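Okay, here's what each chain looks like letter by letter:
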Amino acid sequence: MIGLFTEEFALRALVAALAVGAAAPVVGGFLVQRRLSLIGDGIGHLAFAGVALGILAGVAPVWGALAVALLGAAALERLRARGRLAGDLSLALVFYAGIALGAVVLSALDRFDGSVLGVLFGSLYATSWSETWLMVALCAVVVALALLFYRELFVVALDEETARASGLPVDSLNLLLVALTALLVTAGMRAVGLLLVASLLVVPVAAGSRLAHSFRGTLGWGVVMGVLSTVGGLVAALLVGTLTPGATIVLASILLFVGATVGGRRAARRHRPVVRS
Amino acid sequence: MSVSGTAPTVELSGVRFGYGPSPVLDGADLVLHPGDFVVLSGPNGSGKSTLLRLCLGLLRPQAGTVRVLGSSPRDPEVLRRIGYAPQGFRGASSLPVSVTEVVAAGLVPGKPLLGRMPRGGRRSVSAALEAVGLGDLSAECLFELSGGQQQRAVLARAMVGDPPLLLLDEPTTGIDQSLRPAFVAELSRRAERGVTIIAVSHDPDDFHEAVERILLIDGGRIRSLTHDEFHDHLEIRP
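Residues numbered from 1 in each chain as written. Chains lettered and ligands numbered in written order. Predicted model: local features only at pLDDT ≥ 70, side-chain atom pairs only at ≥ 80, totals over all residues. Heavy atoms only, no water.

Novice: When you look at the layout of surface pockets in this model, what are you seeing that I'm missing?
Specialist: Computed from the structure, the largest pocket encloses a volume of approximately 520 Å³. Together, 20 residues line the largest pocket, and R151 of chain A together with T100, A104, R122 and V125 of chain B are the ones closest to its centre. Of all the elements in the fold, those that place two or more residues in the lining of the largest pocket are α7 (150–158) of chain A together with α3 (99–104) and α4 (121–131) of chain B. Looking at the lining of the largest pocket, the element that brings in the most residues is α4 of chain B, giving 6 residues. Across the lining of the largest pocket, the residue classes break down as 10 nonpolar, 5 polar and 5 charged. (1 Å grid on protein atoms, 1.4 Å probe; cavity = no way out; pocket = protein on both sides within 12 Å on 5 of 7 lines; lining within 4 Å. Points joined across faces, edges and corners; volume = space filled by probe spheres on them. Helix = DSSP H or I, 4+ residues; strand = E, 2+ residues; numbered from the N terminus. Nonpolar A, V, L, I, M, F, W, Y, C, P; charged D, E, K, R; others polar.)

Novice: Hey, could you run me through the environment of S13 of chain B in this one?
Specialist: Residue and element names in this part refer to chain B. With respect to the element layout, S13 can be found in strand β1 (residues 10–17). On the basis of relative accessibility, which here comes to 38%, the residue S13 falls in the partly exposed class. Taking the C-alpha atoms as reference points, S13 and G110, 97 residues apart in sequence, are found 28 Å from one another. Beyond its immediate stretch of four places on either side in the chain, S13 contacts A28, D29, G64 and T65. (Buried < 20%, exposed > 50% of the residue type's maximum accessible area, 1.4 Å probe, protein only. Contact = heavy atoms within 4.5 Å.)

Novice: Before we go on, may I ask you to explain the interface of chain A and chain B in this structure?
Specialist: Interface extent is often summarised as the accessible area lost during association of the parts. At the interface, 37 residues of chain A touch 42 residues of chain B. Together chain A and chain B conceal approximately 3,300 Å² of surface at their shared face, both sides included; 58% is due to carbon and sulfur atoms. Between chain A and chain B we count 3 salt bridges in total. Two residues, D159 of chain A and R157 of chain B, come together in a salt bridge whose shortest N-O distance is 3.8 Å. Applying the counting criterion to the chain A and chain B interface returns 7 residue pairs in polar contact (both at pLDDT 80 or more). Listed by contribution, the elements that provide at least two residues to the side of chain A that touches chain B are α1 (8–33), α7, α8 (160–165), α10 (197–209) and α11 (215–240) of chain A. At 7 residues, the largest contribution of residues to the side of chain A that touches chain B is made by α7 of chain A. Looking at the side of chain A that touches chain B residue by residue, the class counts come to 17 nonpolar, 11 polar and 9 charged. (Buried area = accessible area lost by both parts, 1.4 Å probe. Salt bridge = Lys/Arg side-chain N within 4 Å of Asp/Glu carboxyl O. Polar contact = N/O pair within 3.5 Å; in protein donor to acceptor, adjacent residues only side chain to side chain.)

Novice: Sorry, what's going on with the side chain of K48 of chain B here?
Specialist: Residues and elements named next belong to chain B. Along the chain, the position of K48 falls in helix α1 (residues 48–55). For the buried K48, which has no salt bridge, the nearest side chain bearing the opposite charge is E170, at an N-O separation of 5.3 Å. Within the structure, K48 has its side chain in polar contact with the backbone oxygen of G42 (distance 2.9 Å). (Lys, Arg positive; Asp, Glu negative; His and termini not counted.)

In structure tokens form, the structure reads like this:
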């Protein structure tokens with residue numbers, strides 16, 4: 001298998017995929033616990049509009065995606081905090097607006113071509129070393145901030161009202177969480193694409209939750225599942241040669257989730273807590 | 001064991017609050033000192049939980065003043081010194097969370113942002129778990145436990161930082177009758193050490209041995225009753 005990564009493009013793809021695979025579950029755990037699993041999708045759709053606006057403004061697409069993802073994430077969080085994003089309708093409107101705006105701007109610029117597929121579904125093989133290191137740096141910042149504020153983010157994820165009643169700066173911590181999500185979505189854009197990146201926030205964490213009895217354990221298992229998904233999916237794509245790695249990575253994570261669910265049930269049968277009233 | 005010579009821990013003066021046109025609390029007055037242990041009772045919708053939420057700064061009075069630990073309850077420094085236990089675990093249950101993690105969460109507000117957890121944090125968590133009889137379930141997932149066990153974990157979270165004020169919403173609900181006296185005795189020991197405790201309860205008899213005064217919210221105001229007076233009130237207005 002090591003022979004697969006002797007080519008430089010494959011090595012770059014591995015480095016980028018590993019970074020996103022390891023970082024995404026660290027943020028995803030807090031999102032899933034708070035039932036915000038779809039917010040990564042919303043930010044991903046907005047980032048597509050950011051890519052188009054970046055091209056329109058004459059800057060690299062990644063910076064356009066980052067700027068719009070961060071602004072969009074802050075706006076989504078404000079709507080959620082004010083109770084205006086309670087239903088899935090508001091989030092759906094954001095999805096459609098982001099994708100449609102991106103498509104309109106790109107087609108107006110005559111840039112609605114094959115490269116759009118790379119933005120939506122990833123283009124791991126086409127990343128340069130500078131793009132790869134940017135992804136690694138974004139992922140490192142995300143993990144470092146998530147670990148730095150781990151306990152505070154956990155208390156808010158556990159019970160927002162009690163966190164507020166205990167004097168924690170809940171609004172600032174919520175903004176931090178969506179900002180980390182925006183950074184991660186931007187980092188994962190080249191790896192698995194804006195349509196699929198949110199799956200790496202959610203599926204490895206869901207798989208980890210089948211094997212753990214604690215939040216910390218779930219995050220740990222989630223990182224393991226994220227790394228296995230990205231390496232497994234990339235290896236599958238390289239071996240077959242014609243498959244797009246972004247999609248194989250996501251399918252690998254789904255397979256791991258199914259495996260963890262079956263394995264977790266067996267483990268649960270062996271481990272039953274003492275439930276007394 | 002009230003220490004009435006000291007500054008009040010909780011002070012409500014002429015508080016008015018309502019969710020609609022008719023107020024839930026109207027001219028509510030209350031003064032509690034360090035060591036006061038009271039039960040707050042009243043029918044559904046009488047304003048018991050509202051009073052706790054006012055003390056936690058989650059609601060603002062429409063008239064009157066609320067002061068907690070000598071300051072506004074919207075001051076984060078004040079809130080960090082309050083132990084609050086809602087009725088049951090009210091947070092999200094999407095992912096597994098261990099009992100230890102839930103209780104240790106009670107120490108987080110007391111530490112500086114980006115700072116380390118307080119020394120002896122693990123010992124405090126263990127002691128809080130033992131106090132509510134959950135010592136042997138510390139590693140279990142909270143959501144695999146019974147409602148009563150979850151309630152005890154929430155109580156341990158409120159008590160773990162040894163806060164000078166405990167606000168407990170229906171703390172004995174879901175807890176086995178046989179375990180209630182030990183839990184109430186634990187609260188009494190804390191009150192003797194100067195902790196002020198407000199326990200919202202539909203069943204003040206659970207606290208008969210520990211509490212002399214029952215605070216009844218009646219017509220928007222707070223009345224202080226003995227156990228006998230409270231039962232007389234129930235007979236008049238069942």
